[in-house]
Amino acid sequence: MSNLKKIRIGAGAGFSGDRLEPAEILASQGEIDYLILECLAERTIALAQKRKLSDPNKGYDPLLERRMKKLLPIIAEKGIKVISNMGAANAPAAAAKIIEIAIRKNLKIKVAAVTGDDVLSLITGEEITLESGKPLSSFGKIVSANAYLGADSILPALNAGAEVIITGRVADPSLVVAPLMHSYGWTYSDTELIGKATVIGHLLECAGQVTGGYFADGVKKIVPNLEILGHPYADIFPDGTAVIGKVEGTGGIISLATVKEQLLYEVLNPFAYLTPDVSADFTTVSLKQIGHEKVQVTGGNGSTKPEKLKVSVGYQGGFMGEGEILYAGAFALERAKMAGEIVEKRLQEHFTEPLRIDYIGSNAAHAGLGDGNSSYEIRLRVSGLAKTAEIAAWIGEEVEALYTNGPSGGGGVRKSVTEIIGIQSILIDRESIHSSFSIFES
Amino acid sequence: MKTKLHDLAHSRAGDKGNTLMLSLIPYEEKDYASLVEQVSAEKVKEHLQSIVKGKVIRYELPRISSLLFVCEEALCGGVTTSLALDPHGKTLSFSLLEMEIDS
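Conventions adopted
- Residues numbered from 1 in each chain as written.
- Chains lettered and ligands numbered in written order.
- Predicted model: local features only at pLDDT ≥ 70, side-chain atom pairs only at ≥ 80, totals over all residues.
- Heavy atoms only, no water.
- Axes fitted to C-alpha atoms, helices over the stretch in contact; angles between N-to-C directions.
- Helix = DSSP H or I, 4+ residues; strand = E, 2+ residues; numbered from the N terminus.
- Parallel < 35°, antiparallel > 145°, perpendicular 65-115°, else oblique.
- Left-handed = near helix turned anticlockwise from the far one by under 90°.
- Contact = heavy atoms within 4.5 Å.
- Nonpolar A, V, L, I, M, F, W, Y, C, P; charged D, E, K, R; others polar.
- Phe/Tyr/Trp six-rings, centres within 6.5 Å; stacked < 30°, edge-to-face > 60°.
- Buried < 20%, exposed > 50% of the residue type's maximum accessible area, 1.4 Å probe, protein only.
- Polar contact = N/O pair within 3.5 Å; in protein donor to acceptor, adjacent residues only side chain to side chain.
- Domains from an automatic or database assignment.
- Salt bridge = Lys/Arg side-chain N within 4 Å of Asp/Glu carboxyl O.

**Considerations on the packing of helix 6 (residues 174-184) of chain A against helix 7 (residues 191-204) of chain A**
To describe two helices that pack against each other, one gives the angle between their axes and the distance between the axes.
All names here are of chain A.
And then number 1: Two elements in contact, helix 6 and helix 7, have axes whose closest approach is 8 Å; the angle formed by their N-to-C orientations is 135°. On the basis of their axis angle, the class for helix 6 and helix 7 is oblique. Regarding helix 6 and helix 7, the two cross each other, and that crossing is right-handed. Residue-level inspection shows V176, V177, L180 and M181 of helix 6 in contact with helix 7, the latter providing I194, A197, T198, I200, G201 and L204.
And then number 2: Per-class residue counts for the contact of helix 6 with helix 7 are 8 nonpolar, 2 polar and no charged.

**Remarks on the packing of aromatic side chains**
And then number 1: Under the counting rule described, the total for this entry stands at 4 aromatic pairs over all chains.
And then number 2: A centroid spacing of 6.2 Å and a plane angle of 55° characterise the contact between F271 of chain A and Y59 of chain B, whose relative ring orientation is tilted. Note that F271 of chain A is positioned in the loop between helix 8 (256-263) and strand 9 (273-274) and Y59 of chain B in strand 5 (residues 56-61), a pairing that runs across two chains.
And then number 3: The partly exposed category is assigned to F271 of chain A, whose relative accessible area is 46%.

**Observations regarding the side chain of E324 of chain A**
Residues and elements named next belong to chain A.
And then number 1: Examined against the element boundaries, E324 turns out to sit in strand 14 (residues 308-328).
And then number 2: Residue class for E324 comes out buried when judged on its relative accessible area of 17%.
And then number 3: Among the polar contacts listed, one links the side chain of E324 to the side chain of R379, at a separation of 2.5 Å.
And then number 4: In this view, E324 contacts I360, R379, L380, R381, V399, G412, V413 and R414; residues no more than four positions away in its chain are not counted.

**Thoughts on the domain arrangement of chain A**
Residues and elements named next belong to chain A.
And then number 1: For chain A, the assigned domains read domain 1 (7-122 + 148-307 + 432-441) and domain 2 (313-425).
And then number 2: Between the C-alpha centres of domain 1 and domain 2 there is a distance of 38 Å.
And then number 3: Taken residue by residue, the interface counts 5 residues in domain 1 and 5 residues in domain 2.
And then number 4: If you look at where domain 1 meets domain 2, you find 1 salt bridge.
And then number 5: Of the charged contacts in the structure, one is a salt bridge between K50 and E419, with a shortest N-O distance of 2.5 Å.

This is the structure:
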């Protein structure tokens, strides 16, 4: 198989806070053609938008500088192209920052910033959200609106010879679909191939989640060396089949089980996995272990891409207040319950929604499952949503006041207030969205 | 004899908005038929009744011997505004694996 033409794409990050060195290992030892770095969760852009408002040179991924400092010398030497959505709310500023790093390192590089996902100016507030059936304006002040762009937003930058492509909101699998369309000349009329490419993109997008990360249970699912987990690459052939692999000597495993878990991860409908590029059919995928830590992916199909694009809209959702206190030993659960009731009695009238009371160690994660009995130690957690940070802070204050006013033996109080950025989704016509790119050179 | 699902199968949880997805993948492909027969959408809804408020849809993927359960209204409104300690519902894969079936 090694004699056949293939494209090798590595996935060096699966979320914004992912480890830094797996991407370096892929770039330096993985013999990859492309490196993708997927760093945008649903509300990351809304938070980035806030940073951009306070500083027009910010609003891109906070780890971009650290990641690119390490990667730029390697990719320049090896001729690897990087495609990443680390641009978040400000791809041009991210591209400018990468050029700044390249100049400091005396590297010649061509960076493209893809824009057009920001559709905030098109939002009226009257749009009905997919989740609620209610208009956007009923949720709170809108702070961001970003359409999910597809591979077609990345292709022109690849055609222009960009070596690093930085995007804002792009569907995760499109980061993989674009270089395959570019390399093999596939078009959107090749729906079966675009479907297969989307399957591969989906398997890669969470990086370590297909190589044994987020998989082990220490008893039945044993995964070696997670502390040096290797991130995946895929060898993709002209017929759309692929083999998932990783760099020799890194931690983790690639087995049918790890690939199956990732194939079904966050899939709403395996017959119609919708992206801006295709409606992909995951039910026709077949997997085969073809070697040590090598799984072959065949099958997968697709039909014509959706007419409309999804837009994630961020809104100000108020503030969450939290307070926690710990009880241990005799009657730990009884004391925690007393404490929870005291806080509830003192505060509930000031909150429109019920406060949430969790007894960590008894019922906090899986309400109604388990026996509901006490552990040796129980941590009480009280949380609630408020319109202002001041009111949200009362929760932590009341939990803290349990020190001298509540049940016996409470300790280790922690309190916090978090601003809530909520997300609702709407659909938008493709015609109203115009992606473009600009080139930055060192 | 009764056995818990975690003896036979593994799972990963995912989230989209207020919807929870749970895969169910047997360690041995020969056990797939038994899971198809015993782990119906209704049974999962009943097992997770304190967590899943909406309907449960089951998808069968025989080519990879796996099931996928899509559970609506399961995440306290969804990750961005949920008060839950685990707003993504990431720990909920192990709630499904607590379910008992006949072995």
